[in-house]
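As a plain string of letters, each chain reads:
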Amino acid sequence: MTSVYEAAGGHDGLVRLAAAWHERVLADEVVSHAFEHGYRPDHTERLAAYWGEALGGPPGGLDESEVVRMHSGNGPHEEMDRRAIACFDAALDDAGLTGEPLRQVLHDYFAWATTTTMARYHHSAADVPAGMAVPRWSWDGRQA
């Protein structure tokens, strides 16, 4: 069986997905707030590499603790999370990743990551421990 990463089109497929998601969140009046102070020019590539590693692809070269810190210390933001997930679901269509079970697995991964890992340290980025590993996701969900 192929990995979720391979089924999503590997690096190229995840770059398409990351670009579609990024375009949608920048157009969303709530989620775009997260980007109002700017973002790295290589954000799409880095996001695709991060998702790739989580979904069974090669190491993306990103430090999980640093990724989580970037998303921490902003207080609870459930509405933003819901809208980011809706943008992701629409981006799946934009990127042509509509077949099942792939679409559901990708949705489940993104929703889980958004509402757990990236939302866990909402009080302070300083609370994020060092040495975190990128969580891995397979066809069966989160891997131990």
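Bear in mind that the values here come from a model prediction, so they are computed numbers and not experimental data.

### With respect to the confidence of the model for the protein
Do not read the fine detail of predicted coordinates wherever pLDDT is low. Here the protein averages 89 in pLDDT, and 95% of its residues register 70 or above. Of all helices and strands in the protein, the one with the weakest mean pLDDT is helix α4 (residues 64-70) (79), whereas helix α1 (residues 4-7) scores best (98).

### Concerning the nonpolar core
L17, W21, W51, L55, L106 and Y109 are the most contacted members of the largest nonpolar core, which has 43 residues in total. Of all the secondary-structure elements, those providing two or more residues to this core are α1, α2 (10-27), α3 (43-54), α4, α5 (78-94) and α6 (102-115). Looking at this core element by element, the count peaks at eight residues for α6. Each residue touching W21, except ones within four places of it in the same chain, is listed here: F35, H43, L47, W51, A84, C87, F88, A91 and F110.

### Some words on the pattern of salt bridges
Scanning the model with the defined rule gives seven salt bridges in all. R82 is the partner of E79 in a salt bridge, and the nearest nitrogen-oxygen pair spans 3.0 Å. Of the two residues, E79 and R82 are both situated in helix α5; the distance of three residues between them amounts to about one turn of the helix. Salt-bridge contacts for E79 lead to R83; the nearest nitrogen and oxygen are separated by 3.7 Å. Here the residue E79 and the residue R83 both occupy positions in helix α5, the gap between them amounting to four residues, near one helical turn. Judged by its relative accessible area of 37%, E79 falls in the partly exposed class. It is possible to trace a salt-bridge network through shared partners that takes in D28, E79, R82 and R83.

### Things to note about the packing of α2 against α5
Two elements in contact, α2 and α5, have axes whose closest approach is 8 Å; the angle formed by their N-to-C orientations is 130°. Classified by the angle their axes make, α2 and α5 are oblique. When you trace α2 past α5, the crossing you get is right-handed. Residues L17, A20, W21, R24 and V25 of α2 form the contact with α5, whose participating residues are A84, C87, F88, A90, A91, L92 and D94. In the contact of α2 with α5, the residues fall into ten nonpolar, no polar and two charged.

Definitions and cut-offs
- The written sequence of each chain sets the order in which its residues are numbered from 1.
- Local features are withheld for residues below a pLDDT of 70 in this predicted model, meaning they are given only at 70 or higher, and side-chain atom pairs are given and counted only at 80 or more; totals for whole chains, interfaces and linings count all residues.
- Side-chain descriptors were evaluated using all non-hydrogen atoms of the structure, hydrogens and water having been removed beforehand.
- Within a predicted model, pLDDT stands for the predictor's per-residue confidence, ranging from 0 to 100.
- A run of DSSP states H or I qualifies as a helix once it reaches four residues; a run of E qualifies as a strand once it reaches two. Both are numbered from the N-terminal end.
- Residues grouped as a nonpolar core are buried Ala, Val, Leu, Ile, Met, Phe, Trp, Tyr and Cys residues, joined through side-chain atoms within 4.5 Å.
- Burial status follows relative accessibility: with a 1.4 Å probe on protein chains alone, a residue under 20% of its type maximum counts as buried, one over 50% as exposed, and anything between as partly exposed.
- Only heavy atoms enter the contact rule, under which two residues are in contact if any of them lie within 4.5 Å.
- Here a salt bridge means any side-chain nitrogen of Lys or Arg lying within 4 Å of a carboxyl oxygen belonging to Asp or Glu.
- Note on geometry: axes are lines fitted to C-alpha atoms, helical ones only across the stretch in contact, with angles between N-to-C directions running from 0 to 180 degrees.
- An angle below 35 degrees is read as roughly parallel, one above 145 as roughly antiparallel, one from 65 to 115 as roughly perpendicular, and any other as oblique.
- Handedness of a helix crossing follows the sense of rotation of the near helix relative to the far helix, less than a right angle counterclockwise being left-handed and clockwise being right-handed.
- The residue classification treats Ala, Val, Leu, Ile, Met, Phe, Trp, Tyr, Cys and Pro as nonpolar and Asp, Glu, Lys and Arg as charged. All others, Gly included, are polar.

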